[in-house]
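Geometric and topological summary
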Amino acid sequence: MADVKRTERLHALTEMLRRSGTRGHTAERLAAEFSISVRTVKRDLAALENSGAPIWSRPGPGGGYGLAAGANLPPISLTPAQAVALLTAVAAVPDAPYADLASAGVKKILDVLDPRTRAKADELASRVWVNNSSPPVRAVRSALEEAMATQHVVRIRYLSGDGSQTTRDVEPILFGSTNGHWYLIGWCRLRSDIRWFRVTRVEHASVTKIPCDGHSIAEVGIPPATARSVQSSGE
């Protein structure tokens, strides 16, 4: 168990140094972050350096440790639990935007795990089950994802809650998940207003060549206190 915890800490330590850029961090700051001694931090840094990580150090005031800019990091293996965490996160939300790409990305990671870790991950994964309803049609999701990424108007055939069907030209602003459902939130040119479209009710979608007019996330309104984006917070 101690080796697993240290492996996880080395990975987290590497990520923290990577995110710090040219600023770096002092050994004291790193020790406080991981609740370990400065001596242990320096031993961990030495282990990373010996494994090939491009770690630099600056002595004196304003000094510290960091990773050389533009350098490639050696692969750091996941623990079986970390691998299963990725599998679980992807399997639990097959209707999420970019879910297929996430699944492909996880597969690439699993393919390069060492055989022992992969075997343990496979055994642990067999103990995690998910039961999901059918995700939206792949062609619909692909069109919505492309429109969001390229910021082009997407034309959708939409079935509302009361059973009425309409065709809308929508400028995608963001994807949102609430109460177990995913929504495309955008500027509806038919209604000239912000609208939320449940993705599972989009019967057909096609990306047009019309660029969006630049409606901002702020126009959607203030999100609930419990809502947050999936954007990395940096630290």
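All of the points below concern the structure found in this document. (Residues numbered from 1 in each chain as written. Predicted model: local features only at pLDDT ≥ 70, side-chain atom pairs only at ≥ 80, totals over all residues. Heavy atoms only, no water.)

Notes on helix 2 (residues 27–34)
An α-helical turn contains 3.6 residues, so a residue and the one three or four places further along point in the same direction. Every buried residue of helix 2 is listed here: Ala27, Leu30 and Ala31. Buried positions in helix 2, seen along its axis, are confined to an arc of 100° and lie on one side of it. Pointing more than 90 degrees away from the buried face of helix 2 are the exposed residues Glu28 and Ala32. Taken from the residues just after helix 2, serine 35 is the one with a positive phi, measuring 55°. (Buried < 20%, exposed > 50% of the residue type's maximum accessible area, 1.4 Å probe, protein only. Helix = DSSP H or I, 4+ residues; strand = E, 2+ residues; numbered from the N terminus. Arc of directions from axis to C-beta.)

Notes on the packing of helix 4 (residues 80–92) against helix 5 (residues 99–111)
Following both chains from N to C, one finds helix 4 and helix 5 inclined at 160°, their axes separated by 10 Å at the closest point. One way to sum up the angle between helix 4 and helix 5 is to call them roughly antiparallel. Read as a crossing pair, helix 4 and helix 5 show a hand that is left-handed. Across from Ala83, Leu86, Leu87 and Val90 in helix 4, the residues of helix 5 making contact are Ala99, Ala102, Ser103, Val106, Ile109 and Leu110. For the contact of helix 4 with helix 5, a count of residues per class yields nine nonpolar, one polar and no charged. (Axes fitted to C-alpha atoms, helices over the stretch in contact; angles between N-to-C directions. Parallel < 35°, antiparallel > 145°, perpendicular 65-115°, else oblique. Left-handed = near helix turned anticlockwise from the far one by under 90°. Contact = heavy atoms within 4.5 Å. Nonpolar A, V, L, I, M, F, W, Y, C, P; charged D, E, K, R; others polar.)

Looking at the side chain of aspartate 169
Tracing the sequence through the fold places aspartate 169 in strand 4 (residues 165–178). Take aspartate 169: its relative accessible area is 18%, and that puts it in the buried class. Among the polar contacts made by the side chain of aspartate 169, one reaches the side chain of arginine 155 at a distance of 2.6 Å. Those residues in contact with aspartate 169 that lie beyond four places of it in its chain are Val153, Val154, Arg155, Trp187, Cys188, Arg189 and Leu190. (Polar contact = N/O pair within 3.5 Å; in protein donor to acceptor, adjacent residues only side chain to side chain.)

Details of the packing of aromatic side chains
In the structure shown here, the tally under the stated rule is three aromatic pairs. Each ring, one from tyrosine 98 and one from phenylalanine 175, has its centre 6.1 Å from the other, and the planes form 85°; the classification is edge-to-face. Taken as a pair, tyrosine 98 in the loop between helix 4 and helix 5 and phenylalanine 175 in strand 4 lie far apart in primary sequence, 77 residues in all. For tyrosine 98, a relative accessible area of 31% translates into the label partly exposed. Ring centres of tyrosine 158 and phenylalanine 197 lie 5.0 Å apart, and the angle between their planes is 85°; this geometry places the pair in the edge-to-face category. Here phenylalanine 197 lies in strand 6 (residues 193–198) and tyrosine 158 lies in strand 3 (residues 152–159), a separation of 39 residues in the sequence. Phenylalanine 197 carries the same exposure label as tyrosine 158, and that label is buried. (Phe/Tyr/Trp six-rings, centres within 6.5 Å; stacked < 30°, edge-to-face > 60°.)

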